[in-house]
Each structure stands twice: as C-alpha cells, then as structure tokens.
Amino acid sequence: MSEPDLSERIATARAAATIDNRLIARLLGETADLMEIDGADSFRIRSYRRASEAAEQTTVDLADAAKETARLLEIPGIGKSMAAHIQRIAETGSLELRDELLKKYGAGILELLKLPGMGPKTVALFWDAAQIATIDQLAEAIEAGRLADLPRMGVKQLEKLRKGIEDYRRSAGRFRIDLADEEAKKISSYLMKFAGFERVTPAGSLRRGRETAGDLDLLVTGPACSPEKTAAAVEYVAAYPGIQSMIAKGENKVSFNLEQGLQVDVRLLPMASYGAALQYFTGSKGHNVTLRQRALKMGYTLSEWALARLENGAPVAAATEEEIYAKLGMDWMPAEMRENLGEVEIAARHELPKVVEKSDICGDVHMHTTASDGRNSIREMAEAAIAVGYQYIAITDHSKNLAMTNGLDEKRALEHIKRIQEVDRELEGRIRVFTGIEVDILADGALDLADEVLAQMEIVIASVHTRFEQSREEMTARVIRAIENPYVRILGHPTGRLLLRREPFAIDIAAVLKRGAELGVAMEHNASPERLDLNDRDLRLAKEMGCTIVMSSDSHDARNLGKMDYGVKQLRRAWLSAEDVLNTRDAEKFLSRLRKRSGNG
Ligand code: DGT
Ligand code: CA
Ligand code: CA
Ligand code: ZN
C-alpha cells in the first residue's frame, strides 16, 4: 500500500479545514459596510447585512449546505443572489465585490470601522472630505484640525474619536481570549489530521487563561517532530489555509499571521522534552524566572529542553511538567496560577489551594430573554440550562431605562415574574427557575424600578449601563447608593468594561467591594468573554475583603448558556476555590446565603 504523497495529504486537509459560518458572516458584513461607504443602493446593502446576520445565527453548516442551493434557500434571510455569494465564498474563501472595494479603498478602511462610534456613514464622510482611509490618517487629520468644519462633527465628537483612537492603539495587537481560542482550536484540528502529529497543546497566555492574548503559542509533538526529520511536518504546518502571511519557517518552528493579524508560533518538539517545553512556553515569564532561580539553588538548570544537573548537564526530568515540578520539590499547579504571585513558594510548601473547576458550577443567575434583548424564551433558556446540567437559573431581563433593549417597566416586570413562575411550575423540579431582574442603576444611584416590584423578585441584579463618563467620586457614590437599596442582591459587571473596546469606568472599586461585603451584596464575575468583569485582580481583592462572589454568563442566547470557560479561568487566576463562589452551591444554599431580602423575603 503506497502512502499518499505530501502534497496530496495537504490538499485533502486544506479542503477539510472548513470555511465556517463566522467567516462567511464576516465577509458578507464587511461587503455591506464597504458598499455603504461606496454609496451603493441601500436595498442591496440590506440584503448583504441580512444574509450576514443569518449566517451568524443559523445552526446549519453553510459551507456544507452550499453544495445544494435549495438548502441555502431554506434559511430565512438568504435569497437567490446571497446563496450564490455564499457558494462563491465556500469555493474560493473570498467574495469578488469585497475584493474590488478593498482595492479601491485599501484594507485600512475596515479597521476604521472598529473605532467606537464609527459607522460606514462617518467613514464615507471622512473619505469624501479628506480621502481618509486609515486610522493613522484619521488621527493625523484630527491633530491638524482638518476635520473641524465637517457637518455633524463638533469638537465633542472629534474629541471622542481622538480618545477612541488612543484606546484602540493601546489594545491593538491583542485579541479577546475566546476569539484567540477559537483560532487555536481550528489550527489544532487541522494539525491533528497529519499522521505524524500526536498532540497539539496551546501554551502561553491562552493556556494561562489571560483575558486577552498577544499571540498564540502552539506546541506539537509526535513522530514527525523528531529532530532532523521535521521537513514534511513543517511543510504541512505552513500549508494551513488560514495563513495570511508567513513570518518564519525554521526546522522546528513555523510563525505566521492569520487574516485578522493574530500571530501564531507553532513549535515542533520531540516527545522526550515535551513537558519541559510546555512548562517553558506556558510561562509566565515571571513565573519562569522564579522557577529557574529555585532550580539553580538546588543545583539544576531549567530550559525549554529539560531540567538538568548543573555540574554535567545530565537531564533529570523533561517528558512531563509533573516530573519537573516534583524534582524541584513542588506540587504541579494549574497554568492559571503561574503569574509569579507567590505560587512557587506555596507549591514548595505543598499548600496550594484547590481552585474552582467548571464542573463545580451548578447554576447561572444572569440571563436575558425575548422580554428584553435576549433571543430565546424563558422556557428555551430553562431547557438549555437543563441540557448543560444546571440545578437552577434566574431570568434577569433589563429594566425600562434601557429603552433600546425594550427594558421592562413595573407593569411588564410583574407580568414577567408570573410567566417565570409558570415555567418554573411546568418544569416540575427538573430545574429551579428563579424570578429576577437586571435593574438599571440611574445616574444618581436610584434604581430604575419601584421597591415594591423589586421586593417580589428572588434575584435582583443592579448594573450600570449609562452615564459612564461620571467622575470617580460620583460613580463610586452612585454604585454604593444602589447596593444600599435593601432589595439588591448582586452587583452586575461592576466596572462596566468591554474588553479591548471600552475601558472600565472610573470607580473606587475597593470602596465598593468593602461596602458590598458589609451589606452582603454579592459581586458578579460576568463570564461573558467580552466583559470578564470583575477581572482577576479585583476578584482577588473581593475575596480578601470578604465579598460573596457569583459567576454568571449574562447570556442573551440559549446557545451561550454553559459557556463559562473563560470566566472559570479568571476565577482560577484569582485563586478562588469552589467555596469562594456562591453558585457552586445547590439552589437552597445559594438563595439562603445571598443577602437576606427585606420585606416579604
Ligand atoms: P502574550 O503572547 O503577550 O499574550 O503573552 P505570553 O505569555 O503568551 O508571552 P509570549 O508569547 O511572548 O511567550 C510565551 C511564553 O514563553 C511566555 O509566557 C514564557 C516563555 N518565554 C518567552 N520568552 C521568554 C524569555 O525571554 N524568558 C523566559 N523565561 N520565558 C520566555
Ligand atoms: Ca503568546
Ligand atoms: Ca509567542
Ligand atoms: Zn448588564
């Protein structure tokens, strides 16, 4: 039997590395944006946008459905011409109209759209007025005062843009952990199709669970990674279809950029030193420095190849991380704890805490339904939570102050409670469905709904969604006043940040945590990957101050229920154990240990 040759194997694997729905949605959406900048007919633009949204939402695998036009046409939002475009994307990975428009305006125009407050209309305005096509050109034009006379562009708007560019540049080059993880998983599944690879492991910040990643570090091992025999393996890695540009191709390392600019370092390593490499490339740098100092004191050197004796270089441990830590007289520790915060000494004393795991979480008490801005009904959310294995959930839709989410006023809130209770009864104990609300904290710290209404809810989360620009003093007083309301049981996403998009608002978080601990109001860790709020450092502080901590998904879609992996990682980075997180407890204990409700509670 003859082995298929390398190019054949590469071709098969490339074809299998599917064009996924998210890519299709992005290409269609970008085309719509570019057409709008270009002043195209609004009807046509809308059909691209609708198709992009449909691609984002559907559970049908579009690249597969593209084999039969009829299957695409069954999807709401996709008509004949969009079906044809999706088929083009599935075949070629791109769309001609988008390519043409990008040629005309340059790729930097899409980056402009990532600035806060920049839509296609504003981009078009700047293009027409001053041929601005990149963020650098925009920054320069603002500095030079060349945009001062444009319609709809006051001093205030320009200042906002300038600040937006500053924030963007600060976070530029970093990627949200969930998006980085998704790319890592795609690359891993491509790599695992190569017969000579046995294991692919993400290292670096992704393995440590940092909220953002600067680049991806992937370690690969298997027979094809033996020294001096890596040529075929390197060629295979370099043929990954998502590569936009190659950075370096060595004997055991391939570095490249993906289309969105994310850099990936793939390292090919012999099995015998895989543990040492995993330890080294997981980092953090600080952890490694402390660990190497300890090794030296014990008469060893530690490198990416092995822990070895100082006097003669003879390796004493290399194949697994556990052996290496054991030889250094330490317990192995989860990657999330390796940030040089004392973990090396504590592991040497064998006193590491047992950190919380995803399977410890037994309920989720922050989610939205179609009553406000969620996609699913109460019943659908409950069924999804049962599928995840939860014992309880709380339905917490928005209140009326957030008009754009169709937030609930008093009357609708009371009707909503009734429906939540009905669903709870219908489910006959398969899951507990708590009544609740995510009530807005108004500018002065008053709550958006009357106390009599809040008194009837089991879970009242209070959150700030507006007026982020208040001073630190105002915001701190506002939030403290809100949690002093006797019906509030949880403070939602306490710093209001959106990762890489919006900085946390100014607030004295230590003062808020202190007051929360006194009142017994729980602090939320919002596990939505765009928030991860409180962050790992504030979570540590919250524990020190004696706060109760609750992790929730803030799902607006039943498909996101149960996706709290990145949240769990933040809790672990804060060294929290299951005991420190209230929703690791069953429904009765959870409710009874939340702040006691006044009134009819
Ligand atoms: P990132 O990519 O900015 O999100 O953060 P990391 O931690 O992934 O950093 P990266 O990609 O530069 O390096 C990955 C790991 O490799 C790092 O956590 C520790 C290890 N490493 C890299 N360069 C050095 C170095 O110069 N000294 C030491 N001790 N370790 C290093
Ligand atoms: Ca990295
Ligand atoms: Ca790296
Ligand atoms: Zn919220």
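Each value, and the rule that gives it
- Residues numbered from 1 in each chain as written.
- Chains lettered and ligands numbered in written order.
- Predicted model: local features only at pLDDT ≥ 70, side-chain atom pairs only at ≥ 80, totals over all residues.
- Heavy atoms only, no water.
- Near = heavy atom within 4 Å.
- Polar contact = N/O pair within 3.5 Å; in protein donor to acceptor, adjacent residues only side chain to side chain.
- Areas by Shrake-Rupley, 256 points an atom, 1.4 Å probe, with all protein chains shown as cover.
- 1 Å grid on protein atoms, 1.4 Å probe; cavity = no way out; pocket = protein on both sides within 12 Å on 5 of 7 lines; lining within 4 Å.
- Sits in = over half its atoms within 2 Å of the grid points.
- Helix = DSSP H or I, 4+ residues; strand = E, 2+ residues; numbered from the N terminus.
- Nonpolar A, V, L, I, M, F, W, Y, C, P; charged D, E, K, R; others polar.
- Domains from an automatic or database assignment.
- Salt bridge = Lys/Arg side-chain N within 4 Å of Asp/Glu carboxyl O.
- Buried < 20%, exposed > 50% of the residue type's maximum accessible area, 1.4 Å probe, protein only.
- Donors = N, O, S within 2.8 Å, 3.2 Å for Na, K, Ca; no water.

**Description of the site of ligand 1**
Argument step 1. Arg174, Ser205, Arg208, Gly214 and Asp215 are the nearest of the 16 residues found near ligand 1.
Argument step 2. Between serine 205 and ligand 1, the recorded distance is 2.5 Å, taken from a side-chain N or O atom to an oxygen atom.
Argument step 3. Between ligand 1 and aspartate 217, the relevant distance is 3.1 Å, taken from an oxygen atom to a side-chain nitrogen or oxygen of the residue.
Argument step 4. For ligand 1, whose unbound accessible area comes to 600 Å², protein coverage reaches 74%.
Argument step 5. According to the grid-proximity analysis, the pocket containing ligand 1 is the second largest pocket.
Argument step 6. The set of elements that each furnish at least two residues to the shell around ligand 1 consists of helix H13 (204-208), strand S4 (215-221), helix H15 (274-282) and helix H16 (285-297).
Argument step 7. Residues that form the shell around ligand 1 fall into these classes: three nonpolar, seven polar and six charged.
Argument step 8. Split by domain, the shell around ligand 1 shows at least three residues from each of two domains, domain 3 (175-269) and domain 4 (282-348).

**Observations regarding the pattern of salt bridges**
Argument step 1. All told, the structure shown has 53 salt bridges when counted by the stated rule.
Argument step 2. The closest approach of N and O atoms between glutamate 36 and lysine 121, which form a salt bridge, is 2.9 Å. Of this pair, glutamate 36 sits in helix H2 (residues 21-37) while lysine 121 sits in helix H9 (residues 120-130), and the two are 85 residues apart along the sequence.
Argument step 3. In this structure, glutamate 211 and arginine 497 form a salt bridge, with 2.8 Å as the shortest nitrogen-oxygen distance. Taken together, the positions of glutamate 211 in the loop between H13 and strand S3 (212-213) and arginine 497 in the loop between strand S17 (490-491) and helix H23 (509-519) put the pair 286 residues apart, joining distant regions of the chain.
Argument step 4. Overall, the relative accessible area of 19% leaves glutamate 211 in the buried class.
Argument step 5. Several salt bridges converge on common partners, so that one network encompasses Arg26, Glu30, Arg98, Asp99 and Glu259.

**Re the coordination of the zinc ion (ligand 4)**
Argument step 1. Protein coordination at the zinc ion (ligand 4): the donors are Glu438 (OE), His465 (NE2) and His493 (NE2), at 2.1 to 2.2 Å from the metal.
Argument step 2. Mapped onto the sequence, the residues coordinating the zinc ion (ligand 4) show the spacing E-x26-H-x27-H. With glutamate 438 in strand S15 (residues 436-440) and histidine 493 in the loop between S17 and H23, this pair connects stretches of sequence that are 55 residues apart. Residue glutamate 438 shares its accessibility class with histidine 493, and that shared class is buried.

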